[in-house]
Amino acid sequence: MYFIGLMSGTSMDGIDAALVRFGDPGVDLIATHEQPYPETLQHALRKAALTPVDEPIDNLGALDRQVGEHFRAAALDVLGESGLAADEITAIGSHGQTVRHQPDGPRPYTLQIGNPDIIAGGTGITTVADFRSADIAAGGQGAPLVPPFHEWLFGRGDVGRVIANIGGIANITVLPPGDAPVTGFDTGPGNTLLDAWARKHLKQPFDRRGAWAATGTIDEALLERMLAYEYFELPPPKSTGVEEFNPVWLERFGAPGNPEDIQASLAELTARSIAQHIETHATGTGEVFVCGGGARNHDLMARLARNLPATTVDTTAAVGLDPDWVEAIAFAWLAMRTVNGQTGNLPTVTGASRKVVLGTIHSP
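Residues numbered from 1 in each chain as written. Predicted model: local features only at pLDDT ≥ 70, side-chain atom pairs only at ≥ 80, totals over all residues. Heavy atoms only, no water.

## Some details on the overall build of the protein
A tally of helices and strands in the protein yields 12 helices and 12 strands. The C-alpha atoms of the protein give a radius of gyration of 19 Å, which matches the 21 Å a tight globule of 364 residues would have. Considering only C-alpha atoms, the protein reaches an extent of 55 × 50 × 40 Å along its principal axes. Taken over 364 residues, the protein has a buried fraction of 55%. A total accessible area of about 14600 Å² is found for the protein, and carbon and sulfur atoms account for 50% of it. If the 25 positive side-chain charges of the protein are averaged to one point and the 43 negative ones to another, these points end up 3 Å apart. (Helix = DSSP H or I, 4+ residues; strand = E, 2+ residues; numbered from the N terminus. Rg over C-alpha atoms; globule rule 2.2 N^0.38 Å. Buried < 20%, exposed > 50% of the residue type's maximum accessible area, 1.4 Å probe, protein only. Areas by Shrake-Rupley, 256 points an atom, 1.4 Å probe, with all protein chains shown as cover. Lys, Arg positive; Asp, Glu negative; His and termini not counted. Charge placed at Lys NZ, Arg CZ, Asp CG, Glu CD.)

Written out as structure tokens, the structure reads:
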């Protein structure tokens, strides 16, 4: 059966689309497509996420439709690149675009926009969306949701294995050897602070391959203040987002000095916070495989390796899957689970009271 996975993460820069065929186990990656958001949409999404009290309901409704139209276009483009017909695709799994994630509030919720009925109606393909709400309703964090896919695809080795997804926010999946339960959680910022600093000082969407950060010197005092932030000390299950880690968060610590030194310090923050969480909550880890945009950041990968000197650090390409497409494929896999009536969350990861079937199904 063929499935399409659509993913836009906390970087809010565009959509990854992957068309796949699943085996048992294993996945054939048939076609891929990157659909960048227009700059105006990126700005509107970041504004909605960071200043929600300033956003009228009409703005959010319009964004829901606009994002849905971009997701529909991404699905049609990857379908066209595959050479397959719409009636050959069992379902689309659409993560949508997170604009607010509040799993620890008095009334926990998470909000992903990108109207799935626009996707289903515009493609003629059944679309599964809103994957996170069912887990939150069961008392979980609603994130991360990719660990069961990581276990299914990458399995377990003779030593502890961690899959680190470095998107806007970083998360890890802990795959211990033997029968110990799989765990996972958000470790904190991935690329989000790095990208925001690059937009401000380089006037570019990101620091390509971390070349700018590599020219800077770490401000150890600033780094120490940032690492003392309470989120890093919280035990899992836990998840976070750009609501917490954003330029306003950085300002509270003071960021004097050269911009490239701040960039180097932010890169080290990402690498060191991931490494410290692995050392604390995934003892015995021998292998770390990185996916997401951070896998292309050479400086960040080098920093992670230096912080984990006794551990092999590589990308998921080393275990069979291009790191750029892991998350999009994960939501195709979750859509397959949903249409088959199978559960998709792991309570040992999210803290939910039970396993549940994730997502809502939208017919074309």
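## Quick notes on the packing of helix H1 (residues 39-50) against helix H2 (residues 57-82)
Following both chains from N to C, one finds H1 and H2 inclined at 135°, their axes separated by 12 Å at the closest point. Of the possible angle classes, the one that applies to H1 and H2 is oblique. Here the hand of the crossing between H1 and H2 comes out left-handed. Every residue of H2 that contacts H1 at Leu41, Ala44, Leu45 and Ala48 is listed here: Leu63, Gln66, Val67 and His70. Of the residues in the contact of H1 with H2, the class split is 6 nonpolar, 2 polar and no charged. (Axes fitted to C-alpha atoms, helices over the stretch in contact; angles between N-to-C directions. Parallel < 35°, antiparallel > 145°, perpendicular 65-115°, else oblique. Left-handed = near helix turned anticlockwise from the far one by under 90°. Contact = heavy atoms within 4.5 Å. Nonpolar A, V, L, I, M, F, W, Y, C, P; charged D, E, K, R; others polar.)

## Thoughts on the pattern of salt bridges
Counted under the stated rule, the structure contains 10 salt bridges. Here Glu69 and Arg65 are joined by a salt bridge, their closest N and O atoms 3.2 Å apart. In this pair, Glu69 and Arg65 both sit in helix H2, 4 residues apart, roughly one turn of the helix. The residue Arg156 makes a salt bridge to Glu151 at a minimum N-O spacing of 2.9 Å. Arg156 gets classed as partly exposed once you look at its relative accessible area, which sits at 28%. For Glu151, a relative accessible area of 28% gives the class partly exposed. (Salt bridge = Lys/Arg side-chain N within 4 Å of Asp/Glu carboxyl O.)

## Considering the packing of aromatic side chains
Centre distance and the angle of the planes are the two values used to describe a pair of aromatic rings. Enumeration over the complete set of coordinates arrives at 14 aromatic pairs. When the ring of Phe3 is compared with that of Phe22, the centres are 6.0 Å apart and the planes differ by 50°; the resulting orientation is tilted. Placement of Phe3 in strand S1 (residues 2-8) and of Phe22 in strand S2 (residues 14-22) is noted, with a sequence separation of 19 residues between them. Assessed through its relative accessible area of 11%, Phe22 is described here as buried. (Phe/Tyr/Trp six-rings, centres within 6.5 Å; stacked < 30°, edge-to-face > 60°.)

## Some details on the sheet that holds strand S7 (residues 160-166)
The strand order across the open sheet built from 5 strands is S9-S8-S7-S10-S11, with neighbouring strands paired in mixed fashion. For this open sheet the edge positions go to strand S9 (183-189) and strand S11 (312-315), each flanked by a neighbour on one side alone. Strand-to-strand twist across the sheet, computed as the mean angle between neighbouring axes with direction ignored, equals 20°. Direction of pairing for S7 relative to strand S10 (residues 285-291): parallel, over a ladder of 6 bridges. Its bridge partner lying in S10, Gly160 is registered against Thr285. In the packing of helix H5 (residues 147-154) onto the sheet, the strands contacted are S7 and strand S8 (169-175), and the crossing angle to S8 comes to about 50°. Helix H10 (residues 298-307) rests against S7, S10 and S11 of the sheet, and its axis sits at about 160° to S11. (Pairing = 2+ DSSP bridges.)

## Some thoughts on the packing of helix H6 (residues 192-201) against helix H9 (residues 259-281)
Running from amino to carboxyl end, H6 crosses H9 at an angle of 165°, the nearest separation of the two axes being 9 Å. By the angle class used here, H6 and H9 are roughly antiparallel. The two elements H6 and H9 meet at a crossing, and its hand is left-handed. Counted together, Leu193, Leu194, Trp197, Ala198 and His201 of H6 and Pro259, Ile262, Gln263, Leu266, Ala267 and Leu269 of H9 form the full contact between these two elements. Looking at the contact of H6 with H9 residue by residue, the classes come out as 9 nonpolar, 2 polar and no charged.

## A closer look at the pairing of S7
Among the 7 residues of S7, 7 are classified as buried, and the element is accordingly described as predominantly covered. Both faces of S7 are covered, namely the face carrying Gly160, Val162, Ala164 and Ile166 and the face carrying Arg161, Ile163 and Asn165. Across 6 bridges, S7 lies against S8 in antiparallel orientation. Paired with Ile163 across the strands is Thr173, a residue of S8. In this antiparallel pair of consecutive strands, S7 and S8, the connection spans 2 residues.

## Structural notes on the nonpolar core
The biggest cluster of nonpolar side chains holds 36 residues, and the ones touching the most others in it are Phe3, Val20, Phe22, Phe131 and Ile329. For this core, the secondary structure elements donating two or more residues are S1, S2, H5, S10 and helix H11 (326-339). Each residue touching Ile329, except ones within four places of it in the same chain, is listed here: Ala18, Val20, Phe22, Val27, Leu29, Phe149 and Leu321. Ala48, Ala49, Ile89 and Ile92 belong to the second largest nonpolar core, which has 28 residues in total. (Core = buried A, V, L, I, M, F, W, Y, C linked by side-chain atoms within 4.5 Å.)

## Here's the deal with the side chain of Thr285
Take Thr285: it is sitting in strand S10. What makes Thr285 buried here is its relative accessible area of 13%. Here Ala282 takes part through its backbone oxygen, which lies 2.5 Å from a polar atom of the side chain of Thr285. Apart from residues lying up to four places away in sequence, Thr285 is in contact with Gly160, Val162, Ile278 and Thr311. (Polar contact = N/O pair within 3.5 Å; in protein donor to acceptor, adjacent residues only side chain to side chain.)

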